[in-house]
Amino acid sequence: MPGVRDVSADAFIAAYSSHLKRSGKFSLYFFQHLLNDIVKTGAYKELAPYDPDWYYIRAAAVARHIYLRKDVGIGALTKLHGGRNRRGNRPSHHADSSAAVQRKICQSLEKIGVLEQTENGGRRISQDGQRDLDRIATAVVEAAKEDDDEEEEDEEEEEEE
């Protein structure tokens, strides 16, 4: 049975973010009125994200990261999602992303039962969350196989003609 490690990151994150959006259980309680207008994903950014579903995509990326590494804190997630801080004519440096965004995403994922807190203050994937993520990964693999089969059939039809 394929797991999250067997699926490409972009395919899994796209599938899991659409699952979170469709399920309706994932709460946007903190950023509900601010989501697309004001909230930046880091102090080094100039603008808010263009994609209206950025919160779901970031939550899927966080869930995948915590699945792959068993015990992750908010600081590690801010470093992961950080980027280049452009400082004018001085050299650029790495800057961490917003810890509030990472914390609220982890709290939302805990609320729906995907994550749980560890003794040392970090987060880890729960058994229900691991089952959900494996199920989504299996669906992604099956969808990729179906696409490959359809492409092969199309190629065979073109060769016959």
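Starting afresh in each chain, residues are numbered from 1 along the sequence in its written order. Owing to the predicted nature of the model, reporting of local features is limited to residues with pLDDT of at least 70; listing and counting of side-chain atom pairs is limited to 80 or more, with chain, interface and lining totals taken over all residues. Each side-chain value is worked out from all heavy atoms of the structure, with water and hydrogens disregarded.

Draft legend 1. Representation of the pattern of salt bridges. Every case where a carboxyl oxygen of Asp or Glu lies within 4 Å of a side-chain nitrogen of Lys or Arg is listed as a salt bridge. Overall, the coordinates contain five salt bridges when judged by the stated rule. A salt bridge links Arg123 to Glu110; the shortest N-O distance between them is 2.1 Å. Placement of the pair is Arg123 in strand S4 (residues 123–125) and Glu110 in helix H4 (residues 99–111), with a sequence separation of 13 residues. We note a salt bridge from Arg135 to Asp132, for which the minimum N-O separation is 3.4 Å. Note that Arg135 and Asp132 are positioned in helix H5 (residues 127–160) at a spacing of three residues, about one turn of the helix. Each residue gets one of three labels from its accessible area relative to the maximum for its type: buried under 20%, exposed over 50%, partly exposed in between, using a 1.4 Å probe on protein chains only. Accessibility expressed as a relative area gives 22% for Asp132, which makes it partly exposed. Each helix corresponds to a stretch of at least 4 residues labelled H or I by DSSP, and each strand to a stretch of at least 2 residues labelled E; elements are numbered beginning at the N terminus.

Draft legend 2. Structural detail: helix H2 (residues 54–68). Between its first and last C-alpha atoms H2 spans 21 Å; for 15 residues at 1.5 Å apiece the expected length is 21 Å, and the two agree. Burial of H2 is extensive: 14 of the 15 residues sit out of reach of the surface. The span one expects for a helix is its residue count, reduced by one, times 1.5 Å.

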